[in-house]
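Structural overview
Letter by letter, the chains look like this.
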Number of protein chains: 6
Amino acid sequence: MFFHDKRLQYHAKPDRPDPIFARRLQEVLGGQWGEISVMMTYLFQGWNARGPVKYKDMLLDIGTEEMAHVEMLSTMIARLLEGAPLSTQEELAASNPAVGAIMGGMHPQHAIVAGLGAQAADSAGVPWNGRYAVASGNLLADFRYNVTAESQGRLQVCRLYEMTEDAGVRDMLSFLIARDTMHQNQWLAAIAELEADGLETTPVPSAFPQEREKAEVAYQFMDASTGDESQTGRWASGASMDGKGQFQWVKAQPFGEAPLDLPADPRVFGTPKSPIQAQLGGSGLVAKAAQAVEGIVRGDGES
Amino acid sequence: MFFHDKRLQYHAKPDRPDPIFARRLQEVLGGQWGEISVMMTYLFQGWNARGPVKYKDMLLDIGTEEMAHVEMLSTMIARLLEGAPLSTQEELAASNPAVGAIMGGMHPQHAIVAGLGAQAADSAGVPWNGRYAVASGNLLADFRYNVTAESQGRLQVCRLYEMTEDAGVRDMLSFLIARDTMHQNQWLAAIAELEADGLETTPVPSAFPQEREKAEVAYQFMDASTGDESQTGRWASGASMDGKGQFQWVKAQPFGEAPLDLPADPRVFGTPKSPIQAQLGGSGLVAKAAQAVEGIVRGDGES
Amino acid sequence: MFFHDKRLQYHAKPDRPDPIFARRLQEVLGGQWGEISVMMTYLFQGWNARGPVKYKDMLLDIGTEEMAHVEMLSTMIARLLEGAPLSTQEELAASNPAVGAIMGGMHPQHAIVAGLGAQAADSAGVPWNGRYAVASGNLLADFRYNVTAESQGRLQVCRLYEMTEDAGVRDMLSFLIARDTMHQNQWLAAIAELEADGLETTPVPSAFPQEREKAEVAYQFMDASTGDESQTGRWASGASMDGKGQFQWVKAQPFGEAPLDLPADPRVFGTPKSPIQAQLGGSGLVAKAAQAVEGIVRGDGES
Amino acid sequence: MFFHDKRLQYHAKPDRPDPIFARRLQEVLGGQWGEISVMMTYLFQGWNARGPVKYKDMLLDIGTEEMAHVEMLSTMIARLLEGAPLSTQEELAASNPAVGAIMGGMHPQHAIVAGLGAQAADSAGVPWNGRYAVASGNLLADFRYNVTAESQGRLQVCRLYEMTEDAGVRDMLSFLIARDTMHQNQWLAAIAELEADGLETTPVPSAFPQEREKAEVAYQFMDASTGDESQTGRWASGASMDGKGQFQWVKAQPFGEAPLDLPADPRVFGTPKSPIQAQLGGSGLVAKAAQAVEGIVRGDGES
Amino acid sequence: MFFHDKRLQYHAKPDRPDPIFARRLQEVLGGQWGEISVMMTYLFQGWNARGPVKYKDMLLDIGTEEMAHVEMLSTMIARLLEGAPLSTQEELAASNPAVGAIMGGMHPQHAIVAGLGAQAADSAGVPWNGRYAVASGNLLADFRYNVTAESQGRLQVCRLYEMTEDAGVRDMLSFLIARDTMHQNQWLAAIAELEADGLETTPVPSAFPQEREKAEVAYQFMDASTGDESQTGRWASGASMDGKGQFQWVKAQPFGEAPLDLPADPRVFGTPKSPIQAQLGGSGLVAKAAQAVEGIVRGDGES
Amino acid sequence: MFFHDKRLQYHAKPDRPDPIFARRLQEVLGGQWGEISVMMTYLFQGWNARGPVKYKDMLLDIGTEEMAHVEMLSTMIARLLEGAPLSTQEELAASNPAVGAIMGGMHPQHAIVAGLGAQAADSAGVPWNGRYAVASGNLLADFRYNVTAESQGRLQVCRLYEMTEDAGVRDMLSFLIARDTMHQNQWLAAIAELEADGLETTPVPSAFPQEREKAEVAYQFMDASTGDESQTGRWASGASMDGKGQFQWVKAQPFGEAPLDLPADPRVFGTPKSPIQAQLGGSGLVAKAAQAVEGIVRGDGES
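Residues numbered from 1 in each chain as written. Chains lettered and ligands numbered in written order. Predicted model: local features only at pLDDT ≥ 70, side-chain atom pairs only at ≥ 80, totals over all residues.

1. Quick word on the overall build of chain A
Basically, it comes down to this: Numbering of helices and strands starts at the N terminus; helices are DSSP runs of H or I of at least 4 residues and strands are runs of E of at least 2. Exposed residues have 12 or fewer other C-beta atoms within 10 Å of their own C-beta, buried residues have 20 or more, and partly exposed residues fall in between, where C-beta atoms are placed from the backbone. Working definition of a contact: two residues with C-beta atoms, positioned from the backbone, lying within 7 Å.
In terms of regular secondary structure, chain A is built from 10 helices and four strands. Taken from the N to the C terminus, the helices and strands of chain A come in the order β-α-α-α-α-α-α-α-α-β-β-β-α-α. Classification of the 303 residues of chain A by burial places 75% in the buried group. Considering only contacts within chain A whose residues lie at least 6 apart along the sequence, 70% involve residues at least 24 apart.

Structure follows, in structure tokens:
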């Protein structure tokens, strides 16, 4: 369970309001790569972790820290919205271009819906989505997601840093950027540890028997686009990264046939191949359904 | 631009229909980590790529190949749905438990909406979402996403392989698994190449000046959960993975203060701190708005 | 404004409960092509109609009727859910396969969330989406959408008719199918009327000056897939349907060039073409931003 | 900021696995009225609270407790999924109806996506949505939402309690039900306190000047449906609940006119009232746009 | 079924166009607390109502009235969009700052998608979502939602009133505000009536046997955040609002244990506790699945 | 399978950057009627097509071409974003109104998320949705959707053409408009061909036996709104468009009864008709559930 200390993990106080920036900050709060995403992702991975305790413990440590980041960003956004212009009267905008710019660039829901507070949404106003919380039960697959999240997240925070000169905002962002530096390093370290512990390796999932995959295409780069520049990369020749094969560069080509043989099913009024078949539709369909089902159960279905 | 060869990249023919499995296969077609996601992700990354041509070329090669996987899965799903039972009459289910199981486990929209064809949705029937296509303009951030996608994707295909004994289905899945093996290796190779080319490194984005982040917390592991098991991991001590710092394990603690000082804004009818302030609401608010805005522009806002 | 008569437009009483069918009926209530979609579409088109009054009047007539269909389906679904089995205990299912089938095929939210009532969602449980209400301000574009909606809708209701043998349910569906017959005919008639009135024609929007489009490709069928079967269709030769051109069948080919010339923007930490450029990132970016903006305003931007 | 204690707030251990119930439990974890919703709602309300400190403190207390409920449910779901059947082979289902029922009633993503763990989604598999976190800045409006959330939530948990006989599951649910009892009471108490403190009252927002609303309809019940049963309720006569008016029961009627006067705008190719107007479209539109805009700024626009 | 009178319930005519305000008005049309939400909510509650007829009748009365509000807002939005500036050429904006402000603050889809008409979406452009229609079958739970909806809705309309000085717009809003005053009062009255009728009371659902909930925590306030200010509120001591218990203020604490005992399941390639277990994965999994299932059916599953 | 030629199908080079227009172009890339929608729609229809080969071949031809349009738009958007202003500092906006306008009108995610590249989202930033890909298995229903998509799509591109004066942008749009001209004509031709081939006709699906629909209302126009203007249209009298009936104009009226007879179900704690029934709730419910289920299976359920 959880406990809350009213103090913020770090300062979240802008030098002055900036409603346009408040909207942009929503991206790293409630966007795909924002703090809500990493908080929920790490907590779900932690609760779902079945491997050694050190991984579960570590996941819950970091998931709990990310909640503090959610709190800092929410607080900062509320402060950036203080005194935001609300009226749409064009006289104001005409006499003061800065007002017009603010009205255009700020998020209308910040005033109408949230009363000058933060939302669980991104900078376009699109609500946070539960699919952003990723926990597969396979720690290597998930730690790779975590490296990605910290990379995309740090990238976005750095971009936001460049978009403002407010010293208070930059101070808070410099803290978040440093934590993302740690977390990128941390997930790379966790991947190294997981492999060193012999629990998982490339290709994920490594417990799937190699002889069951189509071996002849497991290390081939297939070029399906004009231009051969892709032939010069590391991925086109030499030992594969998992040490289990040799990269090979080939032109893409079909191994299968054109799939043209499905009959229309009159029970769902699919377009038939000929008008005669069309006449059969719509009568006795339930009886046919029963027959078809029996066919499936007997295993004599045709496709 | 693109061209289409009617032949499939690989065979997509089940031994017999299986409507329950058709629903499950939707996950790797239209789910978060399905083929539509990687196809759209690689193509958008390729169109958006501004670095050396070999990366752009490689991205478009693979994005184009993934389209063939979308095609194979759509074809397979249509074939698995042949002759599916459609009626809900319980007599059928009572006399034949297999029919009841199929009706429970198949996706109703496969019949009602798609006429026994595939959909751009996952195995819960939730439609594919444009946020699953990730292209940030920073290739290392994106290649890490790609490794993740191929790991989660291969994991799901392997799970599906274990859920069926149909030789035709397994044959197709063994091809997709092998391609995911290649693609996991490929993105790891592309990351190595990007770093070898000196274009990007950890922490992403590496061009952000290190002196602007809060250095003292950039390599600290903060323990915010009871239990010290996280102290034993690779992430808790030793050189950081980027070679720029030393991991340090510390107990999490607040650096900031409790944020209790925001006044209510009468223009949005926020709850005030005292009843007297409540009386002021709702009159002359537009005039106040104008004043507030001028304050922002002058930079004398308070928070 | 609207008024409500408590009587249903038509009977909505099943012979007996069928929780599996209740879930399926959700598709034509709250799905993409369900009654909520056509109700909202016709009402928004009516409110937004600026053409002759007869079209606005007709749209509001039909939009109002569709509300009665929403009401009938909601009522029917509630009745189909009476006495549905709720427990998940497997003993029940083991002793009675029909119970197992019902539990598998019914929608869990019908009991947990809606208390055995209908929802504004489709048969997968995905909520109705405001994008399903289409109103563009151009009546021909919209009437074509309406023909589609009545075609997809009637198709789905016919499929549902085949999935049940309950006489009461079939009675209601036969009413809805007949109304869809009328509405398909009606929108085709409205299209004919709109063209006869000289208000709009193919290609929509016809008021766009023909000389502004790239005339040489306006009637060409471009074959981008192997196989020439598409050459035999009506669309490949002869006069075009709008009477303004001649269909022509050609092989698809590129008219443009490969787009490889975009420089990376250091302000967003995009991957550069060479490591040297990477060194420039992250300093003085705001100053550069100001310069770049001035360039845009002056019109000397480069791409 | 937050801290985590590895112990659960309460036991979360089922007597035995039940994959169907695991899916149903998702509703009160990641559904509209689930624990993620109340956790995020209370925390955002707390961070956004500008009134007396006791309310902010109380909101953060409860938001923090709800996180523990999220944790308990996630843990319970993972345990209910242990050993779930995964194969779709119909032989299994045919020989054992219970297996067929489980396969039909369980959530396929629990195995394919989450590796037998919980998700941030509801019982239909629809992901949690940021709009479920409600924080308006007006505490009475928000506390009323909170009473609702605890009522809908307790209702759903009670329904789930009736759907299982597993003693371990029921034990955990009895704890959650008791907490919802407290929280319903608590929000009702908070509403009483808020009114006693003179900070807000009915109608929300009470600071909006009463003379600015259309007084003659502020306490009228408008009957727009056949049948007069609504006339017998408390809402149809007597003093209004806010003590500021008298309820009155009237037949609904229009106060406005039919809105038929909007001209089509040729710039967006809207359908015109006559064919002549249609000829004007598509030339010199930008010039017209400029004129139109000037009209708006001057305030001489017509509608 | 429904009938439509072409006259609006109330006037909806602005003094002059205002495209920025048109976008903002979308919030109370198609947002979470907008008129589409209350219309659909009350109608679904009415159709689903099984209690005394007066409630069902009242719900359908109000649901039908709300449709008139949807109509008024749609009409108003179309009129506010008349003559909106469409071009993005920056010369215009440079020479006239008001134009720039309008272009920034208006919703691009109003022109591109809707042809200067309204949409079923909120002020961020996010489409209306079927989850906003709430009908649980329990009238007290639902009436509490309705009070909330009228509180949040009135709050938003009052905010919008303060954002404009257009007399025509304010006239319409003053009507909607008055109706929301009535509807807040009405739902509070309906709650009083429901309790007076003895049909439902706190805690919802009151028919759930009190002895089945964990009595010792049913009236405890658990403080999980630093600071004791929450101890001073009405919710911390005295009789509970339902009259069935005494509020008590305690420090939050865990009653459960740390959940660390789940084994990894090789069938889904979850990360195991040790490398040896990893070797077992991926062979004979279907056989194991069958065994596991039998275990569940026998009830000897372990968690 | 697919192959890629690096050359674009047509030029996609603006004369100069325009970040506001970049946002607007997103509508026809990732909006409901954008190029991703038609590409996915035609490909899924092609893969799912079971009728004569010429239709399948044609669908795949056009689906493949649409991918080239997705590519052109993505490229154009990236170029329009070159050098976009990023900072929110109001000094800039105050000194240069054009900068303020751009900041207000551009999409913040173009910089923060996509690094000045395109997204799979519409002009409001709402992500593309898998429901926009429509493939029902009935070609006439689907071809009607395709005509709609090309009509709505061409309408939007024409609107965008009027919103810019950039010659490079207009050149590309003139190509897309011409292709939409062809595709509108093509789908109309395909509909004619399908009817000429005797495979499907109005009303879709034509194979549903006419005697099973409620014949007396199959050609009636029901007037449910005040005003009789709808009586003058083509849809109100004369032969129906399918040649199988005569249009008739009638006043809408109820054929059914008021649905007031559903009992509350104590198992889901629905509000009962009287307080006595409420006492029965919450005990022995599982036993009742079993009885209820048996009733369903026996067919003696009551509604």
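Picking up where we left off.
2. Topic: the domain arrangement of chain A
Stated precisely, the cut-off is as follows: For the domains described, the bounds stem from an automatic or database domain assignment.
Annotation of chain A at the domain level lists domain 1 (19–196) and domain 2 (210–251). Here the C-alpha centre of domain 2 of chain A lies 37 Å away from the C-alpha centre of domain 1 of chain A.

3. Here we look at helix 5 (residues 97–105) of chain C
The buried fraction of helix 5 of chain C is high, at nine of nine residues. If you check which residues of helix 5 of chain C are buried, you get Pro97, Ala98, Val99, Gly100, Ala101, Ile102, Met103, Gly104 and Gly105 of chain C.

4. Some remarks on the sheet that holds strand 4 (residues 246–251) of chain B
All names here are of chain B. Filter applied, for reference: Whether two strands pair depends on DSSP finding at least two bridges between them.
The strand order across the open sheet formed by three strands is 2-4-3, and the pairing between neighbours is mixed. Two strands bound the open sheet, and with one partner strand each, they are strand 2 (220–223) and strand 3 (238–239). Note that strand 3 and strand 4 share two bridges and pair antiparallel. Of the residues in strand 4, the one forming a bridge with alanine 239 is glutamine 246.

5. A closer look at the interface of chain A and chain D
Let me state the cut-off plainly: Residues are grouped as follows: nonpolar covers Ala, Val, Leu, Ile, Met, Phe, Trp, Tyr, Cys and Pro; charged covers Asp, Glu, Lys and Arg; every other residue, Gly included, is treated as polar.
Contacts between the two partners involve 43 residues from chain A, matched on the other side by 43 residues from chain D. Those elements that place two or more of their residues in the side of chain A that touches chain D are strand 1 (2–4), helix 2 (35–48), helix 3 (53–80) and helix 4 (90–95) of chain A. Per element, the largest residue contribution to the side of chain A that touches chain D is eight residues, and it comes from helix 3 of chain A. By residue class, the composition of the side of chain A that touches chain D is 23 nonpolar, 15 polar and five charged. Relative to strand 1 (residues 2–4) of chain D, strand 1 of chain A runs antiparallel, the two being bridged by three bridges. Looking across to strand 1 of chain D, one finds that histidine 4 of chain A is bridged to phenylalanine 2 of chain D.

6. Here's the deal with the packing of helix 7 (residues 139–162) of chain C against helix 7 (residues 139–162) of chain F
Here is the rule: Only the stretch in contact is used when a helix axis is fitted, and all axes are lines through C-alpha atoms; the angle between N-to-C directions ranges over 0 to 180 degrees. For classification purposes, an angle smaller than 35 degrees is called roughly parallel, one larger than 145 roughly antiparallel, one from 65 to 115 roughly perpendicular, and anything else oblique. Throughout, a crossing is termed right-handed when the near helix is turned clockwise from the far one, and left-handed when it is turned anticlockwise from it by less than a right angle.
In contact at an axis separation of 8 Å, helix 7 of chain C and helix 7 of chain F are set at 155° when each is read in the N-to-C sense. On the basis of the axis angle, helix 7 of chain C is roughly antiparallel to helix 7 of chain F. Crossing hand, helix 7 of chain C versus helix 7 of chain F: left-handed. On helix 7 of chain F, the residues that touch Leu140, Ala141, Arg144, Tyr145, Val147, Thr148, Ser151, Gln152 and Leu155 of chain C of helix 7 of chain C are Leu140, Ala141, Arg144, Tyr145, Val147, Thr148, Ser151, Gln152 and Leu155 of chain F. Among the residues forming the contact of helix 7 of chain C with helix 7 of chain F, the class breakdown is 10 nonpolar, six polar and two charged.

7. Here's the deal with the nonpolar core
Defined as follows: The nonpolar core criterion groups buried Ala, Val, Leu, Ile, Met, Phe, Trp, Tyr and Cys residues into a set whenever they are joined through C-beta atoms within 7 Å.
Of all hydrophobic cores here, the largest spans 630 residues; its most connected members are Ile77 of chain A, Ile77 of chain B, Ile77 of chain C, Ile77 of chain D, Ile77 of chain E together with Ile77 of chain F. When sequence neighbours within four positions are dropped, the list of residues in contact with isoleucine 77 of chain D reads Ala22, Leu25, Gln26, Leu29 and Ala118 of chain D.

8. Looking at the relation of the copies chain F and chain C
There are two copies of the chain, and a rotation about an axis plus a shift along that axis relates them. Rule in force here: The atoms used to superpose the copies are C-alpha atoms, taken from residues with pLDDT of at least 70 in both, and the fit is least squares.
You can overlay chain F on chain C at an RMSD of 0.0 Å; the transform is a turn of 180° with a shift of 0.0 Å along its axis. As the rotation angle and translation indicate, the two copies are arranged about a two-fold axis. When the interface residues of chain F are mapped onto chain C, 100% of them are again interface residues, pointing to one common binding face.

9. Brief notes about the sheet that holds strand 2 (residues 220–223) of chain D
Residue and element names in this part refer to chain D. Spatial strand order, 2-4-3: three strands in an open sheet with mixed pairing. Each end of this open sheet is capped by a strand with a single partner; those strands are strand 2 and strand 3 (238–239). Relative to strand 4 (residues 246–251), strand 2 runs parallel, the two sharing four bridges. Within strand 4, the position partnered with phenylalanine 221 by the bridge is tryptophan 249.

10. Section: the interface of chain F and chain C
Across the boundary between the two partners, chain F contributes 119 residues, which contact 119 residues of chain C. For the side of chain F that touches chain C, the secondary structure elements donating two or more residues are helix 3 (53–80), helix 5 (97–105), helix 7, helix 8 (167–196), strand 2 (220–223) and helix 10 (285–298) of chain F. The biggest single contributor to the side of chain F that touches chain C is helix 8 of chain F, with 16 residues.

11. Brief notes about the relation of the copies chain A and chain D
Rotating chain A by 180° and translating it 0.0 Å along the rotation axis places it on chain D, where the RMSD comes to 0.0 Å. A shared binding surface is used by both copies, with 100% of the interface residues of chain A retained as interface residues in chain D.

12. Here's the deal with unusual backbone geometry
Look at the link from threonine 202 of chain E to proline 203 of chain E: it is a cis peptide, with omega at 0°. Relative to the helices and strands, proline 203 of chain E is located in the loop between helix 8 (167–196) and strand 2 (220–223). The phi torsion at phenylalanine 269 of chain D lies on the positive side, around 60°, for a residue other than glycine. Looking at where phenylalanine 269 of chain D falls in the secondary structure, it is placed in the loop between strand 4 and helix 9 (275–279).

13. Regarding the environment of tyrosine 42 of chain E
All names here are of chain E. Assignment of secondary structure puts tyrosine 42 in helix 2 (residues 35–48). In this structure, the C-alpha to C-alpha distance between tyrosine 42 and histidine 107, residues 65 residues apart in sequence, is 29 Å. Discounting chain neighbours no more than four positions away, the residues touching tyrosine 42 are Leu59, Ile62, Gly63 and Glu66.

14. As for the confidence of the model for chain A
Residues and elements named next belong to chain A. Let me state the cut-off plainly: Confidence of the predictor in every single residue is expressed as pLDDT, which spans 0 to 100.
The share of residues in chain A with pLDDT of 70 or more is 88%, and the mean pLDDT across the chain is 89. For chain A, per-element mean pLDDT is lowest for helix 10 (residues 285–298), which scores 48, and highest for helix 7 (residues 139–162), which scores 98. The model gives residues 277–287 a pLDDT under 50, and that stretch makes 19 contacts with residues more than four places away or in other chains. The low-confidence segment residues 297–303 (pLDDT under 50) makes 18 contacts with residues lying over four places distant or belonging to another chain. We note a pTM of 0.94 for the whole complex and an ipTM of 0.91 for its interfaces.

15. Details of the packing of helix 5 of chain C against helix 5 (residues 97–105) of chain D
Interhelical geometry of helix 5 of chain C versus helix 5 of chain D gives an angle of 10° and a closest axis separation of 7 Å. Considering their axes alone, helix 5 of chain C and helix 5 of chain D lie roughly parallel with respect to each other. Here helix 5 of chain C runs over helix 5 of chain D; the crossing is left-handed. Facing Pro97, Gly100, Ala101, Met103, Gly104 and Gly105 of chain C of helix 5 of chain C, the residues of helix 5 of chain D in contact are Pro97, Ala98, Gly100, Ala101, Gly104 and Gly105 of chain D. In terms of residue class, the contact of helix 5 of chain C with helix 5 of chain D is made up of six nonpolar, six polar and no charged.

16. Re helix 3 (residues 53–80) of chain B
Counted only if it meets this: An expected span of 1.5 Å times one less than the residue number is assigned to each helix.
A rise of 1.5 Å per residue sets the reference length of helix 3 of chain B, with its 28 residues, at 40 Å; its end C-alpha atoms lie 41 Å apart and thus fit the reference within 8%. Of all 28 residues that make up helix 3 of chain B, 27 are buried, and the element is covered over most of its length.

17. Description of the environment of methionine 222 of chain F
With respect to the helices, strands and loops of the structure, methionine 222 of chain F is situated in strand 2. C-alpha separation for the pair methionine 222 of chain F and valine 250 of chain F, spaced 28 residues apart in sequence, amounts to 5.2 Å. Beyond its immediate chain neighbours, meaning those up to four positions away, methionine 222 of chain F contacts Asp61 and Glu65 of chain C together with Val250 and Ala252 of chain F.

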